[in-house]
Structures are given as structure tokens and as C-alpha cells.
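Below, each chain spelled out in residue letters.
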Amino acid sequence: PQIPVICIDGPTASGKGTVAAAVAERLGYGFLDSGAMYRITALAALRAGLAIDAAHEHDIAALARTLPVRFAEGRIYLGGDDVSDAIRTEEAGMNASRVSALPAVRLALVDLQHAFRRLPGLVADGRDMGTVIFPDAPLKVYLTASATQRAERRYKQLISKGISANIDDLRADLEARDTRDSTRVVAPLKPAQDALVLDNSSLTIEQAVQQVLDWWLERQ
Ligand code: C5P
């Protein structure tokens, strides 16, 4: 039998990461934050002096294939360097979106993502988990929320970390990122045909987590 996977895809700041991590915790499953892979790849490229554009696609893909990335106790390391905070800035998100539009880079990260599928199961968070990486997953959720809600969520996250932010700029940034992610040729952001859509605009985290768990139970 296949190792179970729950895919949670959706646009920027829809709450996917929080919901996916909580579902994984409740089920005792592993958790794949695929966005972090793109964020780290972008960071590694810039540190290697590679501009993130089509001219450097193959060099960046080569880098991605041998990325010395390590996830340990909730922290993320690139080589020996703890990059957990460096990859969470808005700029790092925008760079990740640019690097993720390069087809060779996406291909280079496939094996790394598949390696997360281990017993007793996996919750995978991203844009193409259900459409491309784990097409046979028994549960695919497309978690979305209005742009206003998402901008507010991101704003509160940043303020709580003591980072100043402007809500209108955040909204413009996330809409730009969504447009790039949805219109790219390879693995565009869109719900899988068999995905269940969950609108997180007016749900608490607990309600969203419970809905995903209910859907998962229905499938057992
Ligand atoms: O989810 P997160 O904001 O960390 O993702 C950063 C960027 O990485 C996204 O805007 C998207 O462009 C890209 N990404 C992707 N495919 C995934 C996960 C993230 O293209 N599975």
C-alpha cells in the first residue's frame, strides 16, 4: 500500500503552512514545507553570485540538486548556517517565486521532495503538491483566502516578530507573487482536479485543521 500523503496547496499567506504543520502534528505524520526548498534555493543562488534569471537556470538547477539543506528541530540549515529567519523575509519569498518559475530548478527539486514520503505518512504544503509532486495523494486540499485576509495575516505575523510592515505593500506583493505563481508554464498554482477547496477567510486555525482531519477520516 502507498504511504499516505495529504497535500495542502494554495496561494501565499492562505494559512497553509500553519494548518499543514498542525495536521501533521495531530496525525503524527512528517511535514514537507516545499516553499522552503525554493526559498533556500534562491538564497543559495544569490550567495553563489548567480542572478535569478533564465540565463542562470541550469547553474541554479545544478546547485539545487546538491543543496546541503537540513531540517532539524524546527530550524532549517544551509550547510552549517541556520537560515530559518533569512528565508522568511518578503524579499526571500519574492526571490523564491522567481526561482520556482525556472523549469529545470523545479525538476531538480522533485527527488528531494519525494524523499519526504515516509511512514507513517506525510503532510505536504506548497503550490503543486497535489498537481505534480504527489498526484496519487488520497487527500488534496486547496486552501485559499481573500487577498485582504491574507495581507492582514501576513501583516500580523511580521508585526508580532517586531518587523515593521505596510499592509498595502504586503497586499500588492502577495498579489504579484500569486500572479507569477499562477501564470507560469510549469506547475502553475491551481487546484488539482480532485482537490477539495477550503476557504480559510473566516475560519480559525482550529476550524481549518478540523475540516482537513474530518476529510481525512472520511477517507479511512
Ligand atoms: O509557500 P512559500 O511562500 O514559502 O513559497 C515561496 C514561493 O515558492 C512561492 O511563492 C512559489 O513561487 C514557490 N513555490 C512553488 N512550489 C511549491 C512551493 C513554493 O513554486 N510547491
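Model, not experiment: these values are computed from the prediction.

(A) Structural context of the site of the ligand. Of all residues adjacent to the ligand, which total 14 residues, the nearest are G35, Y38, S97, S100 and G126. When grouped by side-chain class, the residues that make up the shell around the ligand number two nonpolar, seven polar and five charged.

(B) Looking closely at the environment of T144. Tracing the chain through its elements places T144 in strand β7 (residues 139-144). Residue classification places T144 among the partly exposed positions, given that 19 C-beta atoms sit within 10 Å. In this structure, the C-alpha to C-alpha distance between T144 and A192, residues 48 residues apart in sequence, is 13 Å. Those residues in contact with T144 that sit more than four places away from it in its chain are G10, P11, S14, V197, D199 and N200.

(C) Local environment of the environment of I40. Structurally, I40 can be placed in helix α2 (residues 34-47). The spatial distance from the C-alpha of I40 to the C-alpha of G17 is 16 Å, given a sequence separation of 23 residues.

(D) Structural context of the environment of W215. For W215, the location among the structural elements is in helix α10 (residues 205-218). According to the C-beta neighbour criterion, W215 is partly exposed, with 16 such atoms within 10 Å.

(E) Quick peek at the sheet that holds strand β5 (residues 81-82). Pairing in this open sheet of three strands is antiparallel, and the strands run β3-β4-β5 from one edge to the other. Looking at which strands have only one partner, the edges of the open sheet turn out to be β3 (69-72) and β5. Across two bridges, strand β4 (residues 75-78) lies against β5 in antiparallel orientation. Within β5, the position partnered with Y77 by the bridge is D82. Against the sheet, α2 makes contact with β3 and β4, and its axis sits at roughly 35° relative to β4, the strand it touches most.

How each quantity is defined
- Per-chain numbering applies: the sequence of each chain, read as written, is numbered from 1 onward.
- Only residues with pLDDT of at least 70 are given local features in this predicted model, and only at 80 or more are side-chain atom pairs given and counted; all residues enter the totals for whole chains, interfaces and linings.
- Any residue whose backbone-placed C-beta atom lies within 6 Å of a molecule or strand is treated as near that molecule or strand.
- Classes in brief: Ala, Val, Leu, Ile, Met, Phe, Trp, Tyr, Cys and Pro nonpolar; Asp, Glu, Lys and Arg charged; the others, Gly included, polar.
- Working definition: helices are DSSP H or I runs of at least four residues, strands are E runs of at least two. Numbering for both runs from the N terminus.
- Residues with at least 20 neighbouring C-beta atoms inside 10 Å of their own are called buried, those with 12 or fewer are called exposed, and the rest are partly exposed, where every C-beta is derived from the backbone.
- In this description, any two residues whose backbone-derived C-beta atoms lie within 7 Å of each other are considered to be in contact.
- Any two strands with at least two DSSP bridges between them are considered paired.
- To obtain an axis, a line is fitted to C-alpha atoms, over the contacting stretch when the element is a helix, and the angle between two such axes runs from 0 to 180 degrees between their N-to-C directions.

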